[in-house]
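Residues per chain, in single letters:
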Amino acid sequence: MAISRDDVLHVAGLGRLDLSEDEIGRLEGQLNAILEAVSKVSELDLSDVPPTSHPLAVVNVLAADEPRPSLPLEDVFANAPARDGDHFNVPPSAT
Amino acid sequence: MPEWEPVIGLEIHVQLKTRTKMFCRCEAGFGGEPNARTCPVCLAHPGALPVANEQAIEWTVKLGLALGCAIAPRAVFHRKNYFYPDLPKGYQISQYDEPLCTDGRFVVPGADGDAEVGIVRAHLEEDAAKTIHVGGATGRIVGAAHSNVDFNRGGTPLVEIVTRPDLHTAEDAKRFLQLLRQTIVELGISDAEMEKGTLRADANVSVREVGETAFRTRTELKNMNSFNHIARGIEAEVRRQIELWESGGEVVQQTLDYEVKSDTVTPRRSKEEADDYRYFPEPDLVPLEPASELIDRLRGELPELPGARIRRFEPKLGLASAQVIVSGGLSSAYESLVDAGVPERDASNWLANEFSALGADPGQIAIAEMAKVLLIPGLTRDARREATAASISDGFSAAGFIDRVAVADTSELEPLVERILAESPGQVETYRAGKQGVLGYFVGQVMKETGGQADPKVVNELLLQKLGS
Amino acid sequence: MIDTLRLTAEEAMAMLERGDVSGAELRAAYRAAIEARDPELHCFLTLVDGDACDGVPIALKDVIGTKGVRTTAGSKILDDYVPVYDSTVAERCKAAGLQLLGKTNTDEFAMGSSTENSAYGPTRNPWDLERVPGGSGGGSAAAVSAGLAPWALGSDTGGSIKQPSALCGNVGLRPTYGTVSRYGIVAFASSLDQVGPVARTVRDCARLYGIISGRDECDSTTVEVPPVELPKTVDLEGIRVGVPTELNEAEGIERGVAEAVRQAIDLAAELGADVGECSLPRSVEYGLPCYYLIAPAEASSNLARYDGVRYSPRVDADDYYAMAARTRNEGFGDEPKRRIMLGTYALSAGYYEAYYGQAQKVRTVIGQEFADAFERYDVLVSPTSPTVAFPLGERTADPVAMYLADVLAIPPNMAGLPSMSIPCGLSEGLPVGLQLIGPQFSENRLFAVGHALEQAIDFDTVPERLR
Ligand SMILES: [Mg+2]
Ligand SMILES: [Zn+2]
């Protein structure tokens, strides 16, 4: 299952990476090499094996519905690249 | 011309009124300076981790039980991955193939029996933040100069309810939503107000020829923020689809916005990236396994459901009034008035008409005193209006109204009626010529002379009797 | 005169208690060592001048969030990021009075095995400046081995504590998943990330683990842990030591490495351990591919938050999507981009079952294989890394070759098991690491076995060129 240039572009779109031309070319080769190596997992027939999404069998870890202090505004915006009053300022986003 | 059957399913989002957010302990709910209710978790700072809100989970289970759902022995949170400025982590923590509540049924009492709406699922997720689009020539999103983001709402617990396509008219959809809303409000888990956005509903709409068993292509209808808009939006979309099919066209799957002013639907500007949410189990959270003791406890706490209550009120009130009382949130006021001796119909008429006109909170009614007022025979309309207005003010007493009864004694009214008829031979002529409407004029005259103190019913009878002779 | 090359944290603690030395004097000694050797090693990305605490000094890997102290995760996208909150482990270090020396170099977002993927330049191996210290935690490992810090914290997703410890001649513990809080740790792969200690002795390792471990209400995946027992015993009577064939005979294991490990195993037998062979057929063969599906998939999601809205330098554009895409493309280096691409692909429509879904099932298989092995053995042993420290630049052009550096360290990680690397000798004049693997929550047993072997092996942790 080889990765085409179109796949690279599609995935870069999903991952929001504005890749340069030569990056696209390089990644196409590298991803194919890596995928070939990792595709090894499909050799195994694990149809009846349950997946592990967690190393520990812990359940129902919950917090009581009691407010804790939020951050002071100066901390909220301490690392903000652009601020408009008490809002984070971003370029227009279409829904 | 074939006969068309609309097929409607709803997707409802309900903001829970927990004190804190779903995955952090910032205060939830309205109020607060922009971004003042945020922390490393709901701002998605590097390294911050979610911790699930126990109250939100219990309330979701409770709602699931009220919707007749099965509560999953094991539920899992998934990450729904996509980019948007109001989604700080770049993914929404939601539920995917292992939701908390599945496969329920919600009963909406109707004239021709109960309409049963299947519930596919009810799951828990987090709300997005608020993006305010600033500037731009038209002020419309596309032309916006920039966007401002307020993360206060981000992370508020949100229950998503998905129904089966069991609804077939816009009216049914509206009535379903009103009853669902009332149920949610009575469970005490959300104020579920569409205006505030704490209750939001999208509709999946398709049409098919009556008798057709397969579904045709459906569209998703958004941006409707009142029960009436939902009904009108669905009607507009149904019209559009029928016209399309009948003109030999094809309905294409798409998301549409309902524009209230033009009463039309318009396609949404689609994101440049095709949706591919790449769901996978949220590794920062552990699975939920609601204990059977918890489920039993919550089931025990369930109140009588509005649907059942409508059926209980129906024999005395008739279906329509029962629906108004229950979906209008007037049930307990109604029952208290009846307990205080007010006849069912009188109580329901007063609540549904006179009281509702005030737009006041029925919880405020001084029930005992108002019941006395409603029981005064032949109270004048003005007195009744005053009493209604005063019924929610504290210290309200029926005492001042007992003597303000209308004159119903014919011996007092008869001479007056005769005089008025004698004084206006012309009108009497027109009446006798068949213009029944003139009766109103005579009634008005009598009421005027008695300063509104006459009982209109009695006056009517007298007039008819005299004019008939 | 304090010899930071030899002073253990335990000794430093004792000196402070006796009043033989002040916290300020200790700090000064390490700062002097840093000024003398860090210019050539480049272990530190940020140095901290003065600290509220005055206990034993410590260095923290730069993925560990520190309130008010720049935390870059080795990435340009966090170049100017100063956390407004402390990670739980940083908080616990403070509570224990440990004074922060600075933040150590790491592969960008802890993605790498040589620290060459750091956006701020590589760290060099104190044993041979032309070689890598391993990674991603090369900064912490090199700092400890060069006496720039008595101990340090690292993070281990696919070997980032164990492998650099092996290549630098330190003791490094990757604890049981869930025993140390991840709150405030710049996330790489959430179901694998674990913070752990890097030190010069097993006892120091145990002490530091005792300070940072335990349930944290801010991390839903943490649990209570049994109290830490400082190891004393020097024999291995009654301990059943398993030698997994595949982990010890995997292709690519250098002869010198195999030899040093073999000698350590013989020593274990002399110390009274019952040594036997066992097998983990699929864990080793499929562990690495499994890891390189799960870790990038989770990483692709964990790195989505860097969109230039709330922090990180922004590359502007006239709409949000373009701004985010440019900010990310300029801010991330090649390795994070590779993993975002790989992980996004592995999760995308149509491929989930074949890749991420299948990898999660392989994880179950690996867990089962280890569980079976632990029916018969108390600990399993193997080399930590197939090779000693390799030359700078040797593998940077070949991602797959670089990934192979962790082929032996990854399998226990997939099962959430604790594992520890201790130095067991030299090959070509470079340190060799012995990996000890135990069942979940068996840290105390690893400390005991590690301590006994450590005493018997008597490895000199000071790099020859610095003696
Ligand atoms: Mg939703
Ligand atoms: Zn918060």
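Up top you'll find the structure we're talking about.
Before going into details, it helps to say that this report is about the structure given with it. Just so it is clear, the model here is predicted, and its values are computed rather than measured. Residue numbers run consecutively from 1 along every chain, following the written order of its sequence. For this description, chains carry letters from A and ligands carry numbers from 1, given in the order in which they are written. Residues qualify for local features only when their pLDDT is at least 70, as the model is predicted, and side-chain atom pairs are given and counted only at 80 or more; totals for whole chains, interfaces and linings, by contrast, use all residues. The basis for the side-chain values is all heavy atoms of the structure; hydrogens and waters are excluded.

### Quick word on the overall build of chain B
Okay, so step 1: The numbering of helices and of strands both runs from the N terminus, where a helix is a DSSP run of H or I of at least 4 residues and a strand a run of E of at least 2. Summing up its helical and strand segments, chain B has 14 helices and 15 strands in all.
Okay, so step 2: Only C-alpha atoms enter the radius of gyration; for comparison, a globular chain is expected to reach 2.2 Å times N to the power 0.38, where N is the number of residues. For 469 residues, the compact-globule estimate of 2.2 N^0.38 gives 23 Å, and the C-alpha radius of gyration of chain B, at 29 Å, exceeds that figure by more than 25%.
Okay, so step 3: Seen through its C-alpha atoms, chain B measures out along the principal axes to roughly 90 × 60 × 50 Å.
Okay, so step 4: Between buried and exposed lies partly exposed: a residue is buried under 20% and exposed over 50% of the maximum accessible area for its type, with that area taken using a 1.4 Å probe on protein chains only. Considering chain B as a whole, with its 469 residues, one finds that 52% of them fall into the buried category.

### Overview of the overall build of chain C
Okay, so step 1: Helix and strand counts for chain C come out as 15 helices and eleven strands.
Okay, so step 2: Rg of the C-alpha trace for chain C: 21 Å, near the compact-globule value of 23 Å for 467 residues, within the 12% margin.
Okay, so step 3: Overall size of chain C, expressed as C-alpha extent along the three principal axes, is 70 × 55 × 45 Å.
Okay, so step 4: Burial analysis of chain C (467 residues in total) assigns 71% to the buried set.
Okay, so step 5: Using a 1.4 Å probe, accessible areas were evaluated by the Shrake-Rupley method; residue-level cover was limited to the displayed protein chains. Summed over its atoms, the accessible surface of chain C is roughly 13,200 Å², and 50% of this surface lies on carbon and sulfur atoms.
Okay, so step 6: If you average the places of the 41 positive and of the 64 negative side-chain charges in chain C, the two averages end up 3 Å apart. Positive: Lys, Arg. Negative: Asp, Glu. His and the chain ends are not part of the count. A charge is said to be at NZ when it belongs to Lys, at CZ for Arg, at CG for Asp and at CD for Glu.

### Here's the deal with the coordination of the zinc ion (ligand 2)
Okay, so step 1: For Na, K and Ca the donor cutoff is 3.2 Å, while for all other metals N, O and S atoms must lie within 2.8 Å; water is not among the atoms, so some sites may look incomplete. Taken together, Cys24(B) (SG), Cys26(B) (SG), Cys39(B) (SG) and Cys42(B) (SG) make up the full set of protein donors to the zinc ion (ligand 2), lying 2.3 Å away.
Okay, so step 2: One can describe the donor arrangement at the zinc ion (ligand 2) as tetrahedral, given that its four donor atoms subtend angles of 100 to 114 degrees at the metal. Note on geometry labels: four donors, all angles 85 to 135 degrees, give tetrahedral; four donors become square planar and six octahedral when opposite donors are over 155 degrees apart and every other angle is between 65 and 115; remaining cases are irregular.

### Remarks on unusual backbone geometry
Residues and elements named next belong to chain C.
Okay, so step 1: The omega torsion across Gly135 and Ser136 is 10 degrees, close enough to zero to call that bond cis.
Okay, so step 2: Its place among the elements puts Ser136 in the loop between strand E3 (99–104) and helix H4 (138–145).
Okay, so step 3: For Ala73, which is not a glycine, the phi torsion comes out positive at approximately 55 degrees.
Okay, so step 4: Within the secondary structure, Ala73 is located in the loop between strand E2 (57–61) and helix H3 (88–95).
Okay, so step 5: Phi angles above zero are rare outside glycine, and Ala110 is one such case at about 65 degrees.
Okay, so step 6: Looking at the element boundaries, Ala110 is found in the loop between E3 and H4.
Okay, so step 7: With a relative accessible area of 5%, Ala110 lands in the buried category.

### So, the nonpolar core
Here is a general trend for soluble globular proteins: nonpolar side chains tend to be buried in one another's company.
Residues and elements named next belong to chain C.
Okay, so step 1: For this analysis, a nonpolar core means a set of buried residues of the types Ala, Val, Leu, Ile, Met, Phe, Trp, Tyr and Cys, connected via side-chain atoms within 4.5 Å. Grouped together as the largest cluster of nonpolar side chains are 200 residues, with contacts concentrated most on Phe109, Leu153 and Leu453.
Okay, so step 2: The element best represented in this core is helix H9 (residues 281–302), accounting for eleven residues.
Okay, so step 3: Contact definition: two residues touch when any of their heavy atoms are within 4.5 Å. Setting aside residues up to four positions removed in sequence, Leu453 forms contacts with Leu236, Ala264, Ala268, Leu271, Ile422, Leu434 and Leu436.

### Some words on the coordination of the magnesium ion (ligand 1)
Residues and elements named next belong to chain B.
Okay, so step 1: All of the protein donors around the magnesium ion (ligand 1) are His13 (NE2), Glu125 (OE), Glu125 (OE) and Glu160 (OE); their distances to the metal are 1.9 to 2.8 Å.
Okay, so step 2: Sequence spacing of the donors to the magnesium ion (ligand 1): H-x111-E-x34-E. Of this pair, Glu125 sits in strand E7 (residues 113–126) while Glu160 sits in strand E10 (residues 157–163); the two residues are 35 residues apart in sequence, bridging distant segments of the chain. The same class applies to Glu125 and to Glu160, which are both buried.

### Observations regarding the interface of chain C and chain B
Okay, so step 1: Chain C puts 38 residues into the contact, and the matching count from chain B is 32 residues.
Okay, so step 2: Carbon and sulfur atoms make up 58% of the surface buried where chain C meets chain B, a total of about 2,900 Å² over both sides.
Okay, so step 3: When two parts are brought into contact, each loses some accessible area as probed by a 1.4 Å sphere; the total of that loss over both is the buried area. Contact with chain B buries area across many residues of chain C, yet Arg305(C), Arg310(C) and Tyr321(C) alone supply 23% of it, more than any other trio.
Okay, so step 4: A side-chain nitrogen of Lys or Arg and a carboxyl oxygen of Asp or Glu constitute a salt bridge if their distance falls within 4 Å. Viewed at the interface, chain B and chain C are joined by one salt bridge.
Okay, so step 5: Arg182(C) is the salt-bridge partner of Asp284(B), the closest N and O atoms lying 2.9 Å from each other.

### Some points on the interface of chain C and chain A
Okay, so step 1: Contacts between the two partners involve 64 residues from chain C, matched on the other side by 55 residues from chain A.
Okay, so step 2: Between chain C and chain A, roughly 5,200 Å² of surface is buried when both sides are summed, and carbon and sulfur atoms account for 68% of that area.
Okay, so step 3: Between Arg68(A) and Glu217(C) there is a salt bridge whose closest N-O contact spans 3.2 Å.
Okay, so step 4: What qualifies as a polar contact is a pair of N or O atoms within 3.5 Å, subject to a donor-acceptor requirement within protein and to the restriction that residues adjacent in sequence count only when both atoms come from side chains. There are 20 residue pairs in polar contact (both at pLDDT 80 or more) connecting chain C and chain A.
Okay, so step 5: Listed by contribution, the elements that provide at least two residues to the side of chain C that touches chain A are H9, helix H10 (320–331), helix H11 (334–347), helix H12 (353–376) and helix H13 (399–403) of chain C.

### Regarding the environment of Arg419(B)
All names here are of chain B.
Okay, so step 1: Note that Arg419 resides in helix H11 (residues 410–423).
Okay, so step 2: Residue classification places Arg419 among the partly exposed positions, given a relative accessible area of 38%.
Okay, so step 3: Distance in space between the C-alpha atoms of Arg419 and Val446 is 9.9 Å, their sequence separation being 27 residues.

### Looking at the sheet that holds strand E3 (residues 70–71) of chain B
Within a beta sheet, neighbouring strands are joined by backbone hydrogen bonds and run either parallel or antiparallel to one another.
All names here are of chain B.
Okay, so step 1: Spatially, the nine strands line up as an open sheet ordered E3-E6-E7-E10-E1-E11-E12-E13-E14, and their pairing is mixed. What marks the edges here is a single partner per strand, and that holds for E3 and strand E14 (264–267).
Okay, so step 2: Pairing of strand E1 (residues 4–15) with strand E11 (residues 199–209), which is carried by eleven bridges, proceeds in the antiparallel orientation. When the bridges of E11 are listed, Gly9 appears paired with Asn204.
Okay, so step 3: The sheet contacts of helix H2 (residues 170–187) involve E1, strand E6 (101–110), E7, E10 and E11, and relative to E6 the element is tilted by about 110 degrees.
Okay, so step 4: For helices, the fitted axis covers only the stretch in contact; all axes are lines through C-alpha atoms, and the angles between them, taken along N-to-C directions, range from 0 to 180 degrees. Sitting on the sheet, helix H3 (residues 227–246) touches E1, E11, strand E12 (219–222), strand E13 (255–259) and E14, and the angle it makes with E11 is about 25 degrees. Think of it this way: DSSP has to see at least two bridges between two strands before they count as a pair.

### Things to note about the pattern of salt bridges
Okay, so step 1: Evaluated as defined, the whole model comprises 68 salt bridges over all chains.
Okay, so step 2: Residue Lys222(B) is joined to Asp202(B) by a salt bridge in which the shortest nitrogen-to-oxygen separation is 2.9 Å. One end of the pair, Lys222(B), is in strand E12; the other, Asp202(B), is in strand E11, and 20 residues separate them in sequence. One exposure class covers both Lys222(B) and Asp202(B), and it is buried.
Okay, so step 3: Salt-bridge contacts for Arg131(C) lead to Asp128(C); the nearest nitrogen and oxygen are separated by 3.0 Å.
Okay, so step 4: Judged by relative accessible area, which is 19%, Arg131(C) ranks as buried.
Okay, so step 5: Salt bridges sharing common partners tie together Arg79(B), Glu282(B), Asp284(B), Arg182(C) and Asp219(C).

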